[in-house]
Amino acid sequence: MTDNISGCSTTVFNGCIYIFGGYKISSSYISDNVIIYNPNTDKLKYGSPMPIRTVSSACVTVDGLMYIFGGRTINDKITMIASSMQSDNIIQVYDAIADKWIAQYSMNVPRYGCETVVLNNTIYIIGGMDWTIHDNFTYSMIEIFKPKNRYYVSQQNTYTPPISIPRSMHSAVVLNNKIYVMGCNGSTSDGSSCECYDPNTNVWSNIASMNNARLGFPAVAYNNKIYVFGGIFSGTPLNNCEYYDPTTNVWTNISSLSATRFECSLIVYNNLFYIMGGMVAGTLSATCVTYNPVNDTYGTVSFASMNTARSQFASVLYNDKIYVMGGNGALLTTEVYNPTTNTWTMSVATFANINNAKLSPQSFVYNNKIYLFGGSATANLCCLYEVYDPTTN
């Protein structure tokens, strides 16, 4: 990429990676770029700029439309610098096929640092923070968004029952048609607490707490279990790891990482967990390690270090390769990992702008569209979400 960018949102559609907004480190500038990277040709192109610049937003794709939720936006329309960021409640919608932004909606509240998951064609926006009320206000409320088709929204965001406590910097996964939420910033009991949502009963239920309180950690559903690795809590980095079995409602410790690690990324490929980068032993790191859940061991398969140390970065699995993009320490760079050759290759790709600057938004792909939710922008949070359709850019 031509610039180092952090806090951008990413999604995959039709064989391409879409990158929205983010914070340009070199210029302290919030971007409105939409960057489209084709890994087959290793080339980038720009889509239509975002209507609202955002960072730390969330993004998902549904039916070929991309939805960008909240984040942090900018209220300084001249310089677009981070010193004037605010929270955002906007939902922006992008039609990738037509390469145009087709709609904007508003979440009920601005938020960033939330979690989003898709279950039964419904987008759930969980927790997060809102600086527009007061510094670091954390939500327990959940909003849902139900897109019906490319140009019609059957139901705008409405509330579901709240989670039991306010959460930010937590993790959420979908397993067996239920949503599981784990960890957060707060007390030790809050940081280890977990809960589960059943859409059939519309009820959140507390489940067994993790053995260790944690935030800033990766979580993944695999083989009917939920795995969590490392993280940080009360300023103390962690190397302990565990998994949850919903059939027994028990968390079980597994082998610890060789060093503390948080703000890292995790991809599951061919029954192996690929853990990459983050803050390792207190230092920004390029190191990577594999975990084998069958025999509970690390490093049985060699995993080369990335070319550049990074944390808080995006990662996706595409065409049997792992792509890592941006992040603290390497904001403008993209690397591609080939598990067959155990090599990382620097990409020539470059990021494009989104309409609204966002920091720490949530994003995902649903039905060939990218949804970007919430996030923050220079001291304020965003209620807006955006939807991007990569087929039209």
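Residues numbered from 1 in each chain as written. Predicted model: local features only at pLDDT ≥ 70, side-chain atom pairs only at ≥ 80, totals over all residues. Heavy atoms only, no water.

### Here's the deal with the overall build of the protein
And step 1. Of regular secondary structure, the protein possesses 1 helix and 44 strands.
And step 2. Going through the 393 residues of the protein one by one, you find that 60% of them count as buried.
And step 3. Summarising the internal contacts of the protein: among those between residues at least 6 apart in sequence, 61% fall at separations of at least 24.
And step 4. With the model as given, the accessible surface of the protein reaches about 13,800 Å², and the carbon-plus-sulfur share is 47%. (Helix = DSSP H or I, 4+ residues; strand = E, 2+ residues; numbered from the N terminus. Buried < 20%, exposed > 50% of the residue type's maximum accessible area, 1.4 Å probe, protein only. Contact = heavy atoms within 4.5 Å. Areas by Shrake-Rupley, 256 points an atom, 1.4 Å probe, with all protein chains shown as cover.)

### Some points on the sheet that holds strand E28 (residues 241-245)
And step 1. As summarised here, the arrangement of the 4 strands in space is E24-E25-E28-E29, forming an open sheet in which the pairing is antiparallel. Two strands bound the open sheet, and with one partner strand each, they are strand E24 (219-222) and strand E29 (250-254). In this sheet, neighbouring strand axes are inclined to one another by 25° on average, regardless of whether the strands run parallel or antiparallel. (Pairing = 2+ DSSP bridges. Axes fitted to C-alpha atoms, helices over the stretch in contact; angles between N-to-C directions.)

### Here we look at the pairing of strand E9 (residues 58-62)
And step 1. Most of E9 is tucked away, with 5 of its 5 residues classed as buried.
And step 2. Residues of E9 alternate between two faces, with Ala-58, Val-60 and Val-62 on one and Cys-59 and Thr-61 on the opposite face, all of them buried.
And step 3. As consecutive antiparallel partners, E9 and strand E10 (residues 65-69) are separated by 2 residues, and within that stretch Asp-63 has a phi angle of approximately 50°, a positive value.

### Description of the pairing of strand E25 (residues 225-229)
In the case of a regular strand, side chains alternate between the two sheet surfaces.
And step 1. Burial of E25 is extensive: 4 of the 5 residues sit out of reach of the surface.
And step 2. Sheet analysis places E24 next to E25, joined by 4 bridges and oriented antiparallel. Of the residues in E25, the one forming a bridge with Val-220 is Tyr-227.
And step 3. Linking E24 back to E25 in an antiparallel pair, the connection comprises 2 residues, with Asn-223 at a positive phi of about 55°.
And step 4. Sheet topology note: the E25/E28 ladder contains 4 bridges and is antiparallel. Residue pairing in the sheet places Phe-229 in a bridge with Cys-241 of E28.

### Considerations on unusual backbone geometry
And step 1. Not every positive phi belongs to a glycine, and Met-169 is a case in point at roughly 60°.
And step 2. Summarising the element assignment, Met-169 is placed in the loop between strand E19 (152-160) and strand E20 (171-175).
And step 3. Not every positive phi belongs to a glycine, and Asn-202 is a case in point at roughly 60°.
And step 4. One can find Asn-202 in the loop between strand E22 (194-198) and strand E23 (203-207).

### Points about the environment of His-170
And step 1. By secondary structure assignment, the location of His-170 is in the loop between E19 and E20.
And step 2. Separated by 13 residues in sequence, His-170 and Gly-183 have C-alpha atoms that sit 5.0 Å apart.
And step 3. Leaving out residues up to four positions away in the same chain, His-170 has contacts with Gly-113, Cys-114, Glu-115, Ile-126, Gly-127, Gly-128, Val-181, Met-182, Gly-183 and Cys-184.

### Examining the sheet that holds strand E30 (residues 261-262)
And step 1. Strand order in the open sheet formed by 3 strands is E30-E33-E34, and the pairing between neighbours is antiparallel. Strands at the two margins of the open sheet, each flanked by one partner only, are E30 and strand E34 (283-284).
And step 2. With 2 bridges connecting them, E30 and strand E33 (residues 279-280) associate as antiparallel partners. In the strand pairing of E33, Arg-261 is matched with Val-280.

### Let's talk about the pattern of salt bridges
And step 1. In total, this model carries 2 salt bridges according to the counting rule given.
And step 2. Between Glu-195 and Arg-167 there is a salt bridge, with its nearest N and O atoms 2.8 Å apart. Of this pair, Glu-195 sits in strand E22 while Arg-167 sits in the loop between E19 and E20, and the two are 28 residues apart along the sequence. Like Arg-167, Glu-195 is buried.
And step 3. Its salt-bridge partner being Arg-214, residue Glu-242 comes within 2.6 Å of it at the nearest N-O pair. Note that Glu-242 is positioned in strand E28 and Arg-214 in the loop between E23 and E24, a separation of 28 residues in sequence. (Salt bridge = Lys/Arg side-chain N within 4 Å of Asp/Glu carboxyl O.)

### Describing the packing of aromatic side chains
Between two aromatic rings, the relevant description is the distance of the centres plus the angle of the planes.
And step 1. Going through the model one piece at a time under the given rule, you end up with 24 aromatic pairs.
And step 2. Here Tyr-124 and Tyr-197 contribute two aromatic rings whose centre-to-centre distance is 5.6 Å and whose plane-to-plane angle is 55°, an arrangement assigned as tilted. With Tyr-124 in strand E15 (residues 122-126) and Tyr-197 in strand E22, this residue pair connects regions lying 73 residues apart in the sequence. One exposure class covers both Tyr-124 and Tyr-197, and it is buried. (Phe/Tyr/Trp six-rings, centres within 6.5 Å; stacked < 30°, edge-to-face > 60°.)

### A closer look at the confidence of the model for the protein
And step 1. Per-residue pLDDT for the protein has a mean of 78; in total, 74% of the residues score no lower than 70.
And step 2. In the predicted structure, residues 149-154 sits below a pLDDT of 50 and forms 24 contacts with residues beyond four places in sequence or in another chain.
And step 3. Considering only residues more than four positions removed or in separate chains, one finds that residues 349-364, a stretch of pLDDT under 50, has 181 contacts. (pLDDT = per-residue confidence, 0-100.)

### What about the environment of Asn-206?
And step 1. The residue Asn-206 is located in strand E23 in this model.
And step 2. For Asn-206 and Ser-164, which are 42 residues apart along the polypeptide, the C-alpha to C-alpha distance reads 7.7 Å.
And step 3. Within the structure, the side chain of Asn-206 is placed 3.4 Å from the side chain of Ser-164, a separation counted as a polar contact. (Polar contact = N/O pair within 3.5 Å; in protein donor to acceptor, adjacent residues only side chain to side chain.)

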